[in-house]
Amino acid sequence: MTTSPSRLALAVALTGALTLGSGALTAGTALADSPTRSAQQSAHRIPFTAATVTQQADGSFKLDWTAPGTRRVTVYAGTDRDGIRHRTPVARGNGSATVTVTGPATADRWFFELVPDRGESLTVADRSLHLASAPNFRDAGGYRTADGHWVKMGEVYRSDDLSRLTDADLAKLQRLGIRQVFDLRTPGEQKTAPDRIPAGATVVNANVLGVADTGAFNVTSPAAAVQAMVDAERVMVAADSARSAYRNVLRAADDRHAILFHCTAGKDRTGWANAALLTALGVPRSTVEADYLASNDYRAAANAAILAQLPAPYQAVYKPLLDVRPEYLNAGFDEVQAKYGSFDRYLKYGLGIDAHQLRDRLLAG
């Protein structure tokens with residue numbers, strides 16, 4: 001390897017692609033305004049303040065929940081998000097509990113309905129789809145808003161590169177009802193790694209960057225790489241192409257079918273898309289950030305494989321381009337504040353989105 005650090009050309013980190021010389025290595029990953037619904041309107045009809053589902057390596061599911069004021073919670077399971085009730089309970093617990101559900105049959109996805117002894121039930125699932133071909137493929141929902149509602153699961157999905165999806169993956173996504181796929185990548189990326197999409201779904205080209213190829217970051221230090229990512233996040237708010245792309249995504253999220261949006265690593269362009277969606281729905285900023293940073297976990301193995309192929313001096317320079325970091329996301333929110341004054345104004349004047357319609361469509365409770 002004769003390339004010097006001063007001549008290191010790093011392809012756009014948003015794509016997860018690296019160019020060194022003539023070769024290429026391709027990777028296979030409170031500012032928000034107060035919710036407009038008042039506390040009296042929501043009345044916390046769903047009593048759960050926390051609820052998660054995690055599929056274990058042995059196929060069992062770990063469920064955690066907290067529902068203050070609730071004495072008993074009954075758990076039902078089903079492979080269809082709707083119509084779970086009236087089956088045999090799979091677990092029971094008190095108002096704050098951790099239970100393990102074992103023995104569910106193999107299925108595309110399991111949903112669990114948590115039925116309290118008072119108040120409305122909540123349906124949750126493991127957020128990850130556990131696709132080896134797309135490790136950052138996950139449900140965009142399952143989060144609690146500041147006013148006590150919950151973002152429905154099984155409605156909106158986010159992912160990294162879809163070009164490696166297997167036939168079995170595609171069949172699974174078809175059965176999950178995904179009907180629109182928003183490709184946030186550039187034409188160059190699309191040509192290099194064409195999407196594989198489930199039967200019956202349509203692809204919408206929603207190029208966030210508005211350029212014909214992947215572009216290039218010429219950075220020679222970790223600090224320069226971090227700054228490049230911060231600048232890129234601001235572009236995702238300010239650029240006309242970005243506003244058009246995210247407008248299309250959020251408007252489709254208000255439709256009556258499941259949608260999927262993705263880029264190459266599923267972390268930057270996709271990360272801002274989901275941050276904007278969750279913020280519009282009234283999810284607290286701390287939760288939005290946690291969802292954004294989760295790409296570091298989902299992409300950990302893929303990112304480690306990329307870094308392992310680089311000479312040691314270059315690894316520190318390239319790592320910030322593979323990461324998601326709080327300062328990246330903060331740059332996007334800072335740009336919203338600078339250009340629009342508030343997130344509500346960004347939605348209304350930047351994206352032309354009616355947040356009330358989104359909330360009516362995607363919130364439970």
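Residues numbered from 1 in each chain as written. Predicted model: local features only at pLDDT ≥ 70, side-chain atom pairs only at ≥ 80, totals over all residues. Heavy atoms only, no water.

Engineer: For this particular structure, what's the right way to read unusual backbone geometry?
Structural biologist: Glycine aside, the phi torsion of most residues is negative, and most peptide linkages are trans. A positive phi angle, close to 55°, is found at His130, a residue other than glycine. Along the chain, His130 turns up in the loop between β10 (122-125) and β11 (138-139). For His130, a relative accessible area of 46% translates into the label partly exposed. (Helix = DSSP H or I, 4+ residues; strand = E, 2+ residues; numbered from the N terminus. Buried < 20%, exposed > 50% of the residue type's maximum accessible area, 1.4 Å probe, protein only.)

Engineer: What should I look at first to understand the pattern of salt bridges in this one?
Structural biologist: As a working rule, side chains carrying opposite charge can pair if their charged atoms are close by. Scanning the entire structure with this criterion turns up 19 salt bridges. The salt bridge involving Asp160 is made with Arg299; its shortest N-O contact spans 3.3 Å. One end of the pair, Asp160, is in the loop between β13 (156-159) and α2 (167-175); the other, Arg299, is in the loop between α8 (295-298) and α9 (300-308), with 139 residues separating them in the sequence. Here Arg299 falls in the buried class, since its relative accessible area comes to 0%. (Salt bridge = Lys/Arg side-chain N within 4 Å of Asp/Glu carboxyl O.)

Engineer: Just checking my understanding: could you explain the packing of helix α7 (residues 285-293) against helix α11 (residues 326-340) for this structure?
Structural biologist: The geometry of a pair of packed helices is captured by two quantities: the angle between their axes and the separation between those axes. In the contact formed by α7 and α11, the axes pass within 10 Å of each other and the chain directions differ by 125°. It follows that α7 is oblique to α11 by the angle criterion. The handedness of the crossing between α7 and α11 comes out as right-handed. Two secondary-structure elements touch here, α7 through Arg285, Val288, Glu289, Tyr292 and Leu293 and α11 through Pro326, Tyr328, Leu329, Asn330 and Phe333. Its residues assigned to classes, the contact of α7 with α11 comprises seven nonpolar, one polar and two charged. (Axes fitted to C-alpha atoms, helices over the stretch in contact; angles between N-to-C directions. Parallel < 35°, antiparallel > 145°, perpendicular 65-115°, else oblique. Left-handed = near helix turned anticlockwise from the far one by under 90°. Contact = heavy atoms within 4.5 Å. Nonpolar A, V, L, I, M, F, W, Y, C, P; charged D, E, K, R; others polar.)

Engineer: Can you walk me through the sheet that holds β11 in this structure?
Structural biologist: Backbone hydrogen bonds hold the strands of a sheet together, and the pairing may be parallel or antiparallel. Spatially, five strands are ordered β11-β13-β17-β14-β15 in an open sheet, and the strand pairing comes out mixed. In the strand order of this sheet, the two ends are held by β11 and β15 (202-205), each with one partner. Note: β11 against β13, two bridges, orientation antiparallel. Pairing of Arg138 across the sheet is with Arg158, part of β13. (Pairing = 2+ DSSP bridges.)

Engineer: Where do I start with the sheet that holds β10 in this structure?
Structural biologist: On the basis of which strands lie adjacent, the open sheet formed by four strands has the order β7-β6-β9-β10 and antiparallel pairing. Whereas interior strands pair on both sides, the edge strands pair on one side only; in this sheet they are β7 (91-93) and β10. Mean inter-strand twist for the sheet, computed between neighbouring axes without regard to direction, equals 25°. Two elements, strand β6 (residues 73-78) and β7, share three bridges in a ladder whose sense is antiparallel. From the neighbouring strand, Val75 faces β7, where its bridge partner is Ala91.

Engineer: Whenever I open this one, the environment of Asp117 confuses me. Can you help?
Structural biologist: By secondary structure assignment, the location of Asp117 is in the loop between β9 (111-116) and β10. Residues Asp117 and Thr74 lie 43 residues apart in sequence; the distance between their C-alpha atoms is 8.1 Å. One polar contact links the side chain of Asp117 to the main-chain amide nitrogen of Arg71, over a distance of 3.4 Å. (Polar contact = N/O pair within 3.5 Å; in protein donor to acceptor, adjacent residues only side chain to side chain.)

Engineer: Honestly, the packing of aromatic side chains in this entry has me stumped. Any pointers?
Structural biologist: The relation between two aromatic rings is expressed through the spacing of the ring centres and the mutual angle of the planes. Counted according to the given criterion, the structure contains seven aromatic pairs. Measuring from centroid to centroid gives 5.3 Å for Phe343 and Tyr346, while their planes differ by 65°, and the two rings are edge-to-face. One end of the pair, Phe343, and the other, Tyr346, are both in helix α12 (residues 343-351), three residues apart, so they sit about a helical turn from each other. An identical accessibility class is assigned to Phe343 and Tyr346; each is buried. Its guanidinium or amino end placed over the ring of Tyr143, Arg127 lies 3.9 Å from that ring's centre, counting from NZ or CZ. (Phe/Tyr/Trp six-rings, centres within 6.5 Å; stacked < 30°, edge-to-face > 60°. Lys NZ or Arg CZ within 6 Å of the ring centre and 35° of its normal.)

Engineer: Explain the pairing of β15 to me, please; I cannot follow it from the model alone.
Structural biologist: On a regular strand, one side chain projects to one face of the sheet and the next to the other, so that they alternate. Direction of pairing for strand β14 (residues 178-183) relative to β15: parallel, over a ladder of four bridges. Bridge assignment links Val181 to a residue of β15, and that residue is Val203. The β-α-β motif built from β14, the intervening helix α3 (residues 187-192) and the parallel element β15 has right-handed crossover chirality. (Right-handed = clockwise from strand over helix to strand, strands pointing away.)

Honestly, that's just the spatial picture; any functional story needs more than this.
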